[in-house]
Amino acid sequence: MEIREESRENWGTRAGFILAAVGSAVGLGNLWGFPYKLYSFGGGAFLIPYVFALIAIGIPMMILEFSLGHITQRAAPDAFGRLNRKFEVVGWWAIILSFVIMTYYPVILAYCFSFLWYSLKGAFLKQALPWAGAGIEGVKNANDFFYNQFLGYHQDLTLGALQPSLILPLALTWLAAYLCTFKGTKHVGRVVLLTVPLPWIMLLILTVRGMTLPGSAHGLAFYLNPDWSELAEPTTWRYAFGQVFFSLSLAFGVMITYASFLHRKSDLNNNAAIVGLADLATSFIAGLAVFSTLGAMSFASQQAGNPIPVTEVVAGGPGLTFVAFPYALAQLPAAPWFSILFFVTLVTLGIDSAFSISESVLAAIVDKTGWKRSIVLPSIMLIGFLIGLVFITQGGLNWLGIIDGFINGTWGIAFIGCLECLILGWLYRIDRLRLHAND
Ligand code: TRP
């Protein structure tokens, strides 16, 4: 395979690349996806397949994707196409998956923007947070606010009316993603300098608060004590693998694309390990924060004489995080201020993932067609926004759950992940990639 010598835009520094890769990997998947999957699949039991999948597949596969992108200096479809024309479709399927995520991921971010808005109002107009309340009151309010007032949620699959208050936040999200991307990778390197460390600090504060709430131990017991019977369920394993892929942004073409912008002499293996471990640590801590809070919520219900077990205090599924975190925040002194900090964090955490998804779709199209970046980027973002409107209808959250399930399920990333391994491992000479990586 020829190595392209023409100059390609580069990351400024090694740290720039690591931060960008961490920025893409660490995202809402850690604070939102991970806890809700864990909640649905047996609590602590989920950690075992998860860590296993991370070490057995996640990190090695990241090395593989880094090498492929690095050696070919192309975005995913072209990178595969260079091995053999026939493989190009694998790259495109990955891009299609990215595109699908690109439609609903910003919707979650839009929730964050709105919650941020409520927190700002709380802080500056000295109003109580709309979901505030202590004890069982708070549990009820947090649930009621998110599902009824905020989403106007209904349980069936009909879409129902568009939630007008969410249109603006969704548009804002896209605008922010656009502003971060349109200048190219050098700029990305700089944005993530801020958006990567801030969330960690905030997460630690929330964890400490969660763990000092009365009753948090129940939640932690659920989080850290495996329910072994779940391990016998194939679905638990499948979702654990899916979550690893999702969380590390593997099999979406993103890491291939990012590595293609990497300097010729770069240490791929260490970079992959750093990204993988940073991602795991973030998920784990997010789990501590969420589950200690759930424990406290369940305890509050018990005190009110109507005990609800940890597994039932909030409806599982994609809404989990937007009930548990607000509840925890409302229990802090100066709640609106902490709330602001927290939702700023979520926004910064998600925004770099959101634009890296668009970046991979963009790079694939631009590499393939040679069309102008400045035209393709706004177009795909506009399309993403329009499709996103589906998810902010009354039944939208159900659809979001279904689509997210599809991505993490059989025909989504698991499928591409297997194909990638097969192709790179069997049909292409894996030793060449290995030598390249070890170099
Ligand atoms: N890894 C991101 C997260 O944890 C989500 C994600 C999945 C992603 N696939 C992606 C981000 C592709 C960028 C590109 O939130």
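Caption draft 1: Region of interest: the overall build of the protein chain. Broken down by element type, the protein chain carries 19 helices and 0 strands. Scaling as 2.2 N^0.38, a compact globule of 439 residues should have a C-alpha radius of gyration of about 22 Å, and the protein chain matches this with 21 Å. Oriented by its inertia axes, the alpha-carbon framework of the protein chain measures out at about 70 × 45 × 40 Å. Nonlocal contacts in the protein chain, meaning residues at least 24 apart in sequence, comprise 85% of its contacts between residues at least 6 apart.

Caption draft 2: Molecular detail of empty space enclosed by the protein. Within this structure, the stated rule accounts for 1 cavity of 30 Å³ or more. Of the voids in this model, the largest cavity is the one considered here, and its volume is about 150 Å³. If you trace the largest cavity, you find 16 residues lining it, with Ser24, Tyr105, Phe246, Ser249 and Ile357 closest to the centre. Every element with two or more residues in the lining of the largest cavity is listed here: α1 (14-25), α2 (28-40), α5 (88-124), α11 (234-247) and α15 (335-369).

Caption draft 3: Main features of the site of the ligand. Near the ligand there are 16 residues, and of these Ala25, Gly29, Tyr105, Phe246 and Ser356 occur at the shortest range. At 3.2 Å, a backbone N or O of Ser24 approaches a nitrogen atom of the ligand. With respect to the ligand, the side chain of Ser249 contributes an N or O atom lying 3.0 Å from a nitrogen atom. Summarising the interface, the protein chains cover 100% of the accessible area of the ligand, which totals 360 Å² for the free molecule. Most atoms of the ligand, that is more than half of them, are within 2 Å of grid points of the largest cavity. Every element with two or more residues in the shell around the ligand is listed here: α1, α2, α5, α11 and α15.

Caption draft 4: Representation of the environment of Val361. Summarising the element assignment, Val361 is placed in helix α15. Each C-alpha atom of the pair Val361 and Thr293 lies 37 Å from the other, and the pair is 68 residues apart in sequence.

Caption draft 5: Quick peek at the pattern of salt bridges. With the rule as written, the count across this model stands at 2 salt bridges. The shortest N-O distance in the salt bridge between Lys37 and Asp404 comes to 3.2 Å. Remark: Asp404 occurs in helix α17 (residues 396-408) and Lys37 occurs in helix α2; sequence separation between them is 367 residues. For the pair formed by Lys37 and Asp404, the shared burial category is buried. Put simply, Glu88 and Lys368 hold a salt bridge, and the shortest N to O gap is 3.0 Å. With a gap of 280 residues between them, Glu88 in helix α5 and Lys368 in helix α15 connect regions that are remote in the sequence.

Caption draft 6: Structural view of helix α9 (residues 197-212). Helix length check: α9 (16 residues) gives 24 Å between terminal C-alpha atoms against 22 Å at 1.5 Å per residue, within 8%. Turning to α9, its buried residues number three or more, namely Pro199, Met202, Leu203, Leu206, Thr207, Arg209 and Gly210. All buried residues of α9 project into a common sector of 165° when viewed along the axis, lining one side. Seen from the buried face of α9, the exposed residues on the opposite side, beyond 90 degrees, are Ile201, Val208 and Thr212.

Caption draft 7: Highlighting the nonpolar core. In terms of nonpolar packing, the biggest core is built from 141 residues, with Phe66, Phe80, Tyr111, Phe146, Leu294 and Phe342 touching the most fellow members. The greatest single-element share of this core, amounting to 18 residues, is contributed by α5. Every residue in contact with Phe146, bar those within four places of it in the chain, is listed here: Tyr111, Phe115, Leu151, Gly319, Phe322, Val323 and Leu397.

Caption draft 8: Layout of unusual backbone geometry. The phi angle at Lys126 is positive, at roughly 55°, despite the residue not being glycine. With respect to the helices and strands, Lys126 occurs in the loop between α5 and α6 (135-150). Positive phi is not limited to glycine here, since Ala251 has a value of about 65°. Tracing the sequence through the fold places Ala251 in the loop between α11 and α12 (254-260).

Caption draft 9: Quick look at the side chain of Ser114. Mapping Ser114 onto the fold places it in helix α5. Owing to a relative accessible area of 6%, Ser114 belongs among the buried residues under this scheme. In this structure, Ser114 is in contact with Phe150, Leu166 and Pro169, ignoring residues within four places of it in sequence.

Caption draft 10: Inspection of the confidence of the model for the protein chain at higher detail. For the protein chain, per-residue confidence averages 81 on the pLDDT scale, and residues scoring 70 or more make up 92% of the total. The model gives residues 1-7 a pLDDT under 50, and that stretch makes 13 contacts with residues more than four places away or in other chains.

Caption draft 11: Spotlight on the packing of helix α14 (residues 321-330) against α15. Look at α14 against α15: their axes get within 8 Å of each other, and the N-to-C directions meet at 145°. Contacts between α14 and α15 involve Phe325, Pro326, Leu329 and Ala330 from the first element and Ala335, Phe338, Ser339, Phe342 and Phe343 from the second. Split by residue class, the contact of α14 with α15 holds 8 nonpolar, 1 polar and no charged.

About the thresholds
Residues numbered from 1 in each chain as written. Predicted model: local features only at pLDDT ≥ 70, side-chain atom pairs only at ≥ 80, totals over all residues. Heavy atoms only, no water. Helix = DSSP H or I, 4+ residues; strand = E, 2+ residues; numbered from the N terminus. Rg over C-alpha atoms; globule rule 2.2 N^0.38 Å. Contact = heavy atoms within 4.5 Å. 1 Å grid on protein atoms, 1.4 Å probe; cavity = no way out; pocket = protein on both sides within 12 Å on 5 of 7 lines; lining within 4 Å. Points joined across faces, edges and corners; volume = space filled by probe spheres on them. Near = heavy atom within 4 Å. Polar contact = N/O pair within 3.5 Å; in protein donor to acceptor, adjacent residues only side chain to side chain. Areas by Shrake-Rupley, 256 points an atom, 1.4 Å probe, with all protein chains shown as cover. Sits in = over half its atoms within 2 Å of the grid points. Salt bridge = Lys/Arg side-chain N within 4 Å of Asp/Glu carboxyl O. Buried < 20%, exposed > 50% of the residue type's maximum accessible area, 1.4 Å probe, protein only. Expected span 1.5 Å × (residues − 1). Arc of directions from axis to C-beta. Core = buried A, V, L, I, M, F, W, Y, C linked by side-chain atoms within 4.5 Å. pLDDT = per-residue confidence, 0-100. Axes fitted to C-alpha atoms, helices over the stretch in contact; angles between N-to-C directions. Nonpolar A, V, L, I, M, F, W, Y, C, P; charged D, E, K, R; others polar.

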